[in-house]
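Okay, here's what each chain looks like letter by letter:
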Amino acid sequence: MSQPDQRVAVVIATRNRVAELSRTLERLAALPERPRVVVVDNASTDGTPRAVARRHPDAEVVTMGRNLGAAARNVGARRVRSPYVAFADDDSWWAPGSLSRAADLLDRHERLALVAPRILVGPAQRLDPTCTSMAASPLPTEADLPGPPVLGFLACAAVVRRAAFLAVGGFEPRLLIGGEEELVAWDLAAAGWGLSYIDAVVAHHHPSPARDVAARRRLLARNRLWVGWLRRPAASAARRTAQVAQAALWDPPVRSGLLEALAGVGWVLARRQVVPPAVERRLRLLGT
């Protein structure tokens, strides 16, 4: 049996998806890297911690007393000591060899803070459209990065340099779930780190059918506004606001998200820190 690759640990945030989580843990246990796996349970009511302890004793379970959303990943990242952390969801997992491949790249490229992989969706292994966009990134090539530079990623599958991720604060707790990646990506870029899309690093995502579509639309709208005003210059944030307000005219969940965003204006203004001009120029190139 191969030796574990101790450079990278896998952190999974989960809530009330014990069957899907069990499938993911089986896939991860079969990886040649044999990574340490930490499951952070967001106050599940379906017996997730007990089931994982019984069926997957090699996985560590951390139980939260309330739903932290995406910020549960921060708990897992702080718990491990490996230099790199691979995020997965209860409905996503990594292809054999990909974690070591990502770790090799992070070893070789000192400014690289995040590897965004090729994500294959569902049994048909369809390429996620976000990956198509990242592969064709219009951002200028950077000689010290191993792949197309990006300013975003999908949190269900990303490998981060642990120290860099924690230094920028990880995922913001108030965002819960939905578009939470933007703030992390922009803060890493503002701190001088690089993010790359790497086609040779592969993850699988079988989206769970247990999704509240309306709630997700509400959170995406709210978080799009909050993140825009937290980090973008006023003109760019105002353009985002106009786009969301237009969609709110016909989309009730978006309208609810807009109202929630307005209720949080005080918090946003207190935390507002605009990204450097160089990062803003790159965001405009992306049309973000």
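These notes cover the structure that comes with them.

A word on the overall build of the protein. Within the protein, the regular secondary structure consists of 12 helices and 9 strands. Scaling as 2.2 N^0.38, a compact globule of 288 residues should have a C-alpha radius of gyration of about 19 Å, and the protein matches this with 19 Å. Its C-alpha atoms put the protein at 55 × 45 × 35 Å along the principal axes. Expressed as a percentage of the 288 residues in the protein, the buried residues total 55%. For the protein, contacts bridging at least 24 residues in sequence account for 79% of all contacts bridging at least 6. Counting every atom, the protein has about 12,700 Å² of accessible surface; 56% of that belongs to carbon and sulfur.

Two elements in contact, helix 8 (residues 213-231) and helix 9 (residues 234-248), have axes whose closest approach is 8 Å; the angle formed by their N-to-C orientations is 165°. Between helix 8 and helix 9, the angle falls in the class roughly antiparallel. Taken as a pair, helix 8 and helix 9 cross one another with a handedness that is left-handed. For the pair helix 8 and helix 9, the contacting residues are Ala221, Arg224, Leu225, Gly228 and Trp229 in the first and Ala234, Ala237, Ala238, Arg240, Thr241, Gln243 and Val244 in the second. Per-class residue counts for the contact of helix 8 with helix 9 are 7 nonpolar, 3 polar and 2 charged.

Here the structure, examined in full by the defined rule, presents 21 salt bridges. For the salt bridge of arginine 7 with aspartate 107, the shortest nitrogen-to-oxygen distance reads 2.6 Å. Residue arginine 7 is located in the segment before strand 1 (8-14), and its partner aspartate 107 is located in helix 4 (residues 98-108); the two are separated by 100 residues in the primary sequence. Judged by its relative accessible area of 41%, aspartate 107 falls in the partly exposed class. A network of salt bridges, in which partner residues are shared, links Asp5, Arg7, Asp104 and Asp107.

For the coordinates displayed, the defined rule picks out 5 aromatic pairs. Cluster of aromatic residues (ring-pair linked, three or more members): Phe87, Phe153, Phe165 and Phe171. One residue, arginine 73, lies across the ring of phenylalanine 171, its end atom 4.9 Å from the ring centre. Sitting over the face of the ring of tryptophan 186, arginine 232 holds its NZ or CZ atom 5.5 Å from the ring centroid.

Conventions we followed
Residues numbered from 1 in each chain as written. Predicted model: local features only at pLDDT ≥ 70, side-chain atom pairs only at ≥ 80, totals over all residues. Heavy atoms only, no water. Helix = DSSP H or I, 4+ residues; strand = E, 2+ residues; numbered from the N terminus. Rg over C-alpha atoms; globule rule 2.2 N^0.38 Å. Buried < 20%, exposed > 50% of the residue type's maximum accessible area, 1.4 Å probe, protein only. Contact = heavy atoms within 4.5 Å. Areas by Shrake-Rupley, 256 points an atom, 1.4 Å probe, with all protein chains shown as cover. Axes fitted to C-alpha atoms, helices over the stretch in contact; angles between N-to-C directions. Parallel < 35°, antiparallel > 145°, perpendicular 65-115°, else oblique. Left-handed = near helix turned anticlockwise from the far one by under 90°. Nonpolar A, V, L, I, M, F, W, Y, C, P; charged D, E, K, R; others polar. Salt bridge = Lys/Arg side-chain N within 4 Å of Asp/Glu carboxyl O. Phe/Tyr/Trp six-rings, centres within 6.5 Å; stacked < 30°, edge-to-face > 60°. Lys NZ or Arg CZ within 6 Å of the ring centre and 35° of its normal.

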